[in-house]
2 protein chains.
Amino acid sequence: MTPRPRHLPSEERRAEAVEAVIRLAASTNPEEITTSAIAARMKLTQGALFRHFPTKDAIWQGVMEWVSDRLLARIDRLAGAEADPLAALEAMFLGHVDFIAEHPGVPRMMAGQLQNAGETPAKRLARTLVENYGNRLRRILAAARAEGVVPPGLDIDAAATLFLGMVQGLVMQHLIHGDSARMRADASRVWVIYRAGLLAAEHAQEGRA
Amino acid sequence: MTPRPRHLPSEERRAEAVEAVIRLAASTNPEEITTSAIAARMKLTQGALFRHFPTKDAIWQGVMEWVSDRLLARIDRLAGAEADPLAALEAMFLGHVDFIAEHPGVPRMMAGQLQNAGETPAKRLARTLVENYGNRLRRILAAARAEGVVPPGLDIDAAATLFLGMVQGLVMQHLIHGDSARMRADASRVWVIYRAGLLAAEHAQEGRA
DNA sequence: TGTCAAAGTAATTACTTACTCACATAATGG
DNA sequence: CCATTATGTGAGTAAGTAATTACTTTGACA
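This structure is a prediction, so every number in the text was calculated from the model and none was measured.

Conventions we followed
- Throughout this document, residue positions are counted from 1 along each chain, in the order its sequence is written.
- Here every chain gets a letter starting at A, and every ligand a number starting at 1, in the order they are written.
- Where local features are concerned, this predicted model is filtered to residues with pLDDT of at least 70; where side-chain atom pairs are given and counted, the filter is 80 or more; whole-chain, interface and lining totals use all residues.
- In computing side-chain properties, one takes all heavy atoms of the structure into account and sets aside hydrogens as well as water.
- For Phe, Tyr and Trp, where Trp contributes only its six-membered ring, two rings pair if their centres lie within 6.5 Å, and the inter-plane angle classes them as stacked under 30 degrees, edge-to-face over 60, or tilted in between.
- In DSSP terms, a helix is any run of H or I states spanning at least four residues, a strand is any run of E spanning at least two, and both are numbered starting from the N terminus.
- Relative accessibility under 20% of the residue-type maximum defines a buried residue, over 50% an exposed one, and the middle range a partly exposed one, all with a 1.4 Å probe and only protein chains included.
- Only a single heavy atom is needed: when it lies within 4 Å of a molecule or strand, its residue is near that molecule or strand.
- Within 3.5 Å is the distance limit for a polar contact, defined as a pair of N or O atoms, with the added protein rule that one can donate a hydrogen and the other accept it, and that residues adjacent in sequence qualify only through two side-chain atoms.
- Polar here means any residue outside two lists: the nonpolar Ala, Val, Leu, Ile, Met, Phe, Trp, Tyr, Cys and Pro, and the charged Asp, Glu, Lys and Arg; Gly therefore counts as polar.
- Any Lys or Arg side-chain nitrogen located within 4 Å of an Asp or Glu carboxyl oxygen qualifies as a salt bridge.
- Comment: axis = line fitted to C-alpha atoms, over the contacting stretch for helices; angle = value between 0 and 180 degrees taken between N-to-C directions.
- Under this scheme an angle from 65 to 115 degrees is roughly perpendicular, one under 35 degrees roughly parallel, and one over 145 degrees roughly antiparallel; angles in between are oblique.
- Whether two residues are in contact is decided by their heavy atoms, any of which lying within 4.5 Å being enough.

Draft legend 1. Examining the packing of aromatic side chains more closely. All names here are of chain B. One pass over the structure, following the stated rule, counts 12 aromatic pairs over all chains. Relative to phenylalanine 163, the ring of phenylalanine 93 has its centre 5.8 Å away and its plane inclined at 75°; by these criteria the two rings are edge-to-face. Separated by 70 residues along the polypeptide, phenylalanine 93 in helix 4 (residues 85–102) and phenylalanine 163 in helix 7 (residues 156–177) bring together distant segments of the chain. You can call phenylalanine 93 buried: its relative accessible area is 0%.

Here it is, written out as structure tokens:
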């Protein structure tokens, strides 16, 4: 077996760095992840990192792309395998929770990027991910309404917001209890209530302008 | 009218500092709020801050106490004014959203504290707030179940988690769109679905252990 | 009015951060 | 095998951080 070469091509180092950030974020406040910490986990010098990334935000861009690609691919695969829109939504939701259980730092990183003051490229990627996610939700919800499995008056935007909130609520519980297995179990229980809300939501808001 | 004295008692300066942090957090990433920035907003030197707080985390403690006191007092007042448990929940929810609209930095600060690695006093205060909030939710939900306004099989813990998630989802939308008025409007629409979910949730989960 | 402690300043501390640079080493292709 | 280029090192840099310190100002009160 060939020994691991000591100099690796830039592309592989970039992938290594992204992975290092994801794993560091699982146990550290993302804002406190320094280039030194990333380099240390890669067994490189801090300066060597800048052979592969022009700036620290470029690392964050790589991370956000990684998250976006993997998360969207997963929910598309899961949702695509279900014929019933409600089953697709449930698969998306449970798949998302699994993703977070596997990579607990991800929601923290997302939130951290989104609340950065300036308009960094990494922040834009994070926002785009949320938008793409929302679009997929609304598409499936619209299909459900068209097929008549949810009431015609269901407020699709509100349902999408609540869906994302459902994930966030579980993340917050996870942050407090720190138990991934519990998060998955809670997910199913929360889904029951959400699903009931979709099916029973009052039709069209009448009255007040 | 007496001119504002140039030396103020420590207690007043502490209150000023807390207010300064709350307002700074509305437009800045809380992690990036420096003692210099706080002092600047108070029109003081950076060093002067440490006449009133022994350490920076002590400032965060003051902030978390401020949040805890104000938020819990508000939701208790609103919920206490309603006889019907569901009306109480709705008042709590809308009051919470109003609170966030008034102080947009608050949820960001909370999240920032909760994900700090070490066990700082400020972090403990943040977690205690979430726990107290959850306890109030569960108490009202239990009352609703006892009065029969929600099905006897309603999963109260899951309902509380989803309630907190509902708030979080709105915060995330607010983070992306940056429109407080819209957040309040969305809140009512999301509430419709949540409420329907409470009322219609399947009774007791039968089957699998 | 003079005294004195509390409150404020300006400069400085030790430390951390992202990023750079001169130089060394490893991989690769003629 | 040698020359070239990509990758890595170790020691920097400048900018910022929380906290400290020697000294001044302020305000209250005997």
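Draft legend 2. Here's a closer look at the protein's contact with DNA strand D. Neighbouring DNA strand D are 22 residues, the closest being Arg13, Thr45, Arg51 and His52 of chain A together with Thr55 of chain B. Between DNA strand D and threonine 45 of chain A, the relevant distance is 2.3 Å, taken from a phosphate oxygen to a side-chain nitrogen or oxygen of the residue. For DNA strand D, a base nitrogen lies 3.2 Å from a polar atom in the side chain of arginine 51 of chain B. When the residues that make up the surface near DNA strand D are grouped by side-chain class, the tally is six nonpolar, 10 polar and six charged.

Draft legend 3. A look at the pattern of salt bridges. As enumerated under the stated definition, the model contains 22 salt bridges over all chains in all. Between arginine 182 of chain A and aspartate 186 of chain A there is a salt bridge whose closest N-O contact spans 3.6 Å. With arginine 182 of chain A and aspartate 186 of chain A both in helix 8 (residues 180–200) and four residues apart, this pair spans about one turn of that helix. The partner of arginine 23 of chain B in a salt bridge is glutamate 19 of chain B, and the shortest N-O contact between them spans 3.7 Å. Residue arginine 23 of chain B and its partner glutamate 19 of chain B are located together in helix 1 (residues 10–25), separated by four residues, close to a single helical turn. Among the charged side chains, a salt-bridge network with shared partners connects Asp155 and Asp157 of chain A together with Arg182, Asp186 and Arg189 of chain B.

Draft legend 4. Spotlight on the packing of helix 8 of chain A against helix 8 (residues 180–200) of chain B. At a closest axis distance of 7 Å, the pairing of helix 8 of chain A and helix 8 of chain B adopts a crossing angle of 105°. Here helix 8 of chain A is positioned roughly perpendicular relative to helix 8 of chain B, judged by the angle of their axes. Contact residues: helix 8 of chain A offers Ile193, Ala196, Gly197, Leu198 and Ala200 of chain A, while helix 8 of chain B offers Ile193, Ala196, Gly197, Leu198 and Ala200 of chain B. In the contact of helix 8 of chain A with helix 8 of chain B, the residues fall into eight nonpolar, two polar and no charged.

This is a description of form; function is not addressed.
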